[in-house]
Amino acid sequence: FPSHDNSRAVEVLNAKRTEYPRETAFIFALMFTGARPLSLIKATRKQFNTYTHNGEVWGKIVFDGKSTAKTGEKERVDFPPYLVKMIEDLPISETLFGIKFPTKFWNDVREEAKLEGMWARDWRRTFASLGLSENVSIDSLAEVLNHQSTQTTKIYARLLSEKRTETVNTVS
């Protein structure tokens, strides 16, 4: 998948936050949780709970996900503190974000941030690749992405060129 400038996307989203709070919170959640878009669309406010980690308030949803029928295990998505604040500031609705996928909004953001070739699902891949580039283990990433096998995670989490170079340098 193409390389993307996350900072430009963050800039564009922050500029649109006041006018489009639900949409920006949704896209930020895609960027910074590794969640599947459909999981966030279906998430309900009742599934959202907070917990404290290292003195900060984090959020999570636990739900029947893509593989629950096969494994019997629920899936989980964790939300860092800044996303918890964004979600808590949204008007109350039955679903967590109160919207379906914001197609028009996302298309506008993509165009303005010069990410025309990027799809919403690419944030999941970007999350995984950035995790690997920061030395997060493939096992940890698989768990966060709710993958039953690290083989699945490896498909999404291709090593970045820089990381590959560092790896070759270390080994050689």
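Our subject is the structure that appears above.
Residues numbered from 1 in each chain as written. Predicted model: local features only at pLDDT ≥ 70, side-chain atom pairs only at ≥ 80, totals over all residues. Heavy atoms only, no water.

A. Looking closely at the pairing of strand β3 (residues 75-79). Residues E75, V77 and F79 point to one face of β3 and are all buried, whereas R76 and D78, pointing to the other face, are not buried. Direction of pairing for strand β2 (residues 56-63) relative to β3: antiparallel, over a ladder of 5 bridges. Each bridged residue has a counterpart across the sheet, and for G59 the counterpart in β3 is F79. (Buried < 20%, exposed > 50% of the residue type's maximum accessible area, 1.4 Å probe, protein only. Helix = DSSP H or I, 4+ residues; strand = E, 2+ residues; numbered from the N terminus. Pairing = 2+ DSSP bridges.)

B. Helix α2 (residues 21-33), seen in detail. End to end, α2 covers 18 Å across 13 residues, agreeing with the expected 18 Å (1.5 Å per residue, within 8%). With respect to burial, α2 is a largely interior element, 11 of its 13 residues being buried. Within the sequence span of α2, burial applies to R22, E23, T24, A25, F26, I27, F28, A29, L30, M31 and T33. One or two residues past the end of α2 sits G34, with phi positive at roughly 80°. (Expected span 1.5 Å × (residues − 1).)

C. Highlighting helix α1 (residues 6-16). Within α1, burial applies to A9, V12, L13 and K16. For α1, the arc enclosing every buried residue in end-on projection is 95°, short of the 170-degree limit, so these residues lie on one face. Residues of α1 that are exposed and point over 90 degrees away from its buried face: E11 and A15. If you follow the buried residues of α1, they end up packed against α2, α6 (103-112) and α7 (122-133). (Arc of directions from axis to C-beta. Contact = heavy atoms within 4.5 Å.)

D. The pattern of salt bridges, seen in detail. Applying the stated criterion to the full structure yields 8 salt bridges. Note that E11 and R8 form a salt bridge whose closest N and O atoms lie 2.8 Å from each other. Of the two residues, E11 and R8 both sit in helix α1, 3 residues apart, roughly one turn of that helix. By relative accessible area, which is 28% here, R8 ends up partly exposed. Across the pair E75 and R36 runs a salt bridge, and its minimum N-O distance is 2.9 Å. Here E75 is found in strand β3, whereas its partner R36 is found in the loop between α2 and α3 (37-42), with 39 residues between them in sequence. We classify E75 as buried; its relative accessible area is 2%. For R36, a relative accessible area of 11% translates into the label buried. (Salt bridge = Lys/Arg side-chain N within 4 Å of Asp/Glu carboxyl O.)

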